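Reading the structure
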Amino acid sequence: MKTKGIIFDLDGTLLDTLRDLADAGNAALRELNFPIHSTEDYKYFIGKGVEELVRQILPEDNRDKQTVAKCLALMKRNYSKFWRRNSRPYPGIAELLTELEKRGIVKVVFSNKLDEFTGVMVREILPKWRFEIVRGALPGVPIKPDPTAALAIAAEVKIETQKFVYLGDSATDMQTANAAGMYAVGALWGFRTAEELLGGGAKVLVKEPLEVLKLF
């Protein structure tokens, strides 16, 4: 495989964002007088976009449109304050990004996180490295696992989809990669299990970031 580019998921792949996301979600739930969840529980709420996250953290009988909208607004407000507190790159990510730059590999970040947060977090937490494209969820664009945005990214950087490695930590990422014709690589340091990643279509699993270099 002659690989020319790599697409990174953000949460659970490049950055450990779990604590800040959980804190923002639980703060919203407290304001609405609903039960909160453990930080560990949030591993399974993250990955399908913030609206779906909010829907899942709400009690099942309180998922009406109005309540979801209210909780979503609170979640966004809280996260704008909380994301800087604990989020940081996973061990080995800095070394991986540096080596990929040395090899001239095109790097992209593609997340179901809102685009405004995706952009600012990459700029402020990963300022030393160049990413050709940094893209989060945008209005009117289907989120993962729909491959539309992944295919558009490949077209923008003028690299054939089969020459992309797609690194993520969830079945959603693996499904996106396969639907776009990219090489699906599951990150075992993230939020989900090996079983989920393989079930989602991972071609290979990596235990630590530097193992990704074997694919280039």
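In this report, we go over the structure that sits alongside the text. Just so you know, these numbers come straight off a predicted model, no measurement behind them.

1. Some thoughts on the packing of helix H2 (residues 50-57) against helix H3 (residues 65-86)
What describes two packed helices is the angle between their axes and the distance between those same axes. Axis separation between H2 and H3 bottoms out at 9 Å; the angle between their running directions is 115 degrees. For the pair H2 and H3, the crossing hand works out as right-handed. Only Val68, Cys71, Leu72 and Met75 of H3 make contact with H2, whose side of the interface consists of Val50, Glu51, Leu53, Val54, Arg55 and Ile57.

2. Section: the pairing of strand S1 (residues 5-8)
Neither face of S1 is exposed, since Gly5 and Ile7 on one face and Ile6 and Phe8 on the opposite face are all buried. With four bridges joining them, S1 and strand S4 (residues 106-114) adopt parallel strand pairing. Bridging across to S4, Ile7 finds its partner in Val108. As judged from the four bridges shared by S1 and strand S6 (residues 164-168), these two strands associate in the parallel manner. Note that in S6 the partner of Phe8 across the bridge is Leu167.

3. Remarks on the pairing of S6
Among the five residues that make up S6, five are buried, leaving the element largely enclosed by the rest of the structure. Of the two faces of S6, both are covered, the one formed by Phe164, Tyr166 and Gly168 as well as the one formed by Val165 and Leu167. When S6 meets strand S7 (residues 183-187), the two strands line up parallel, connected through four bridges. Paired with Tyr166 across the bridge in S7 is Ala184. Once the chain exits S6 it traverses helix H7 (residues 171-180) before rejoining the sheet at S7, and the crossover so formed is right-handed.

4. Things to note about the sheet that holds S6
Paired through backbone hydrogen bonds, the strands of a sheet run either parallel or antiparallel to each other. Judged by pairing direction, the sheet is parallel, and its six strands sit side by side in the order S5-S4-S1-S6-S7-S8 without closing on themselves. Looking at the sheet topology across the chains shown, the edges are occupied by strand S5 (133-137) and strand S8 (204-206). On average, each strand axis in the sheet is tilted by 25 degrees relative to the strand beside it, whichever way the strands run. Of the strands in this sheet, S1 and S4 are in contact with helix H4 (residues 93-102), which crosses S1 at around 155 degrees.

5. A few points about H7
Burial analysis of H7 places seven of its 10 residues in the buried class, which makes it a mostly covered element. Regarding H7, the residues found buried are Ala171, Thr172, Asp173, Met174, Thr176, Ala177 and Ala180. Residues of H7 that are buried sit in contact with S4, helix H6 (148-157), S6, S7 and helix H8 (194-199). Where H7 terminates, the next one or two residues include Gly181, which has phi positive at roughly 80 degrees.

6. A closer look at the pattern of salt bridges
A full pass over the atoms with the stated rule returns 14 salt bridges. As a salt-bridge pair, Glu52 and Arg55 come within 2.9 Å of each other at their nearest N and O atoms. On the criterion of helical spacing, the pair formed by Glu52 and Arg55 is a turn pair, its members being three residues apart in helix H2. Arg55 sits in the partly exposed class, given a relative accessible area of 28%. For the salt bridge of Arg192 with Glu196, the shortest nitrogen-to-oxygen distance reads 2.8 Å. Overall, Arg192 belongs to the buried group, its relative accessible area being 13%.

7. Looking at helix H5 (residues 115-125)
Among all positions of H5, only Phe117, Thr118, Gly119, Val120, Met121, Val122 and Ile125 are buried. Each element contacted by the buried residues of H5 is listed here: strand S2 (15-16), H3, strand S3 (88-89), S4 and S5.

8. Focus: the nonpolar core
With 55 residues, the main nonpolar core has Phe8, Leu14, Tyr42 and Leu167 as its most contacted residues. Setting aside chain neighbours within four positions, we find Tyr42 in contact with Leu18, Leu21, Ala22, Gly25, Asn26, Leu29, His37, Leu53 and Ile57. Formed by 19 residues, the second largest nonpolar core is a distinct cluster that contains Ala149, Phe164, Ala177 and Met182.

Definitions and cut-offs
- Residues numbered from 1 in each chain as written.
- Predicted model: local features only at pLDDT ≥ 70, side-chain atom pairs only at ≥ 80, totals over all residues.
- Heavy atoms only, no water.
- Axes fitted to C-alpha atoms, helices over the stretch in contact; angles between N-to-C directions.
- Helix = DSSP H or I, 4+ residues; strand = E, 2+ residues; numbered from the N terminus.
- Left-handed = near helix turned anticlockwise from the far one by under 90°.
- Contact = heavy atoms within 4.5 Å.
- Buried < 20%, exposed > 50% of the residue type's maximum accessible area, 1.4 Å probe, protein only.
- Pairing = 2+ DSSP bridges.
- Right-handed = clockwise from strand over helix to strand, strands pointing away.
- Salt bridge = Lys/Arg side-chain N within 4 Å of Asp/Glu carboxyl O.
- Core = buried A, V, L, I, M, F, W, Y, C linked by side-chain atoms within 4.5 Å.

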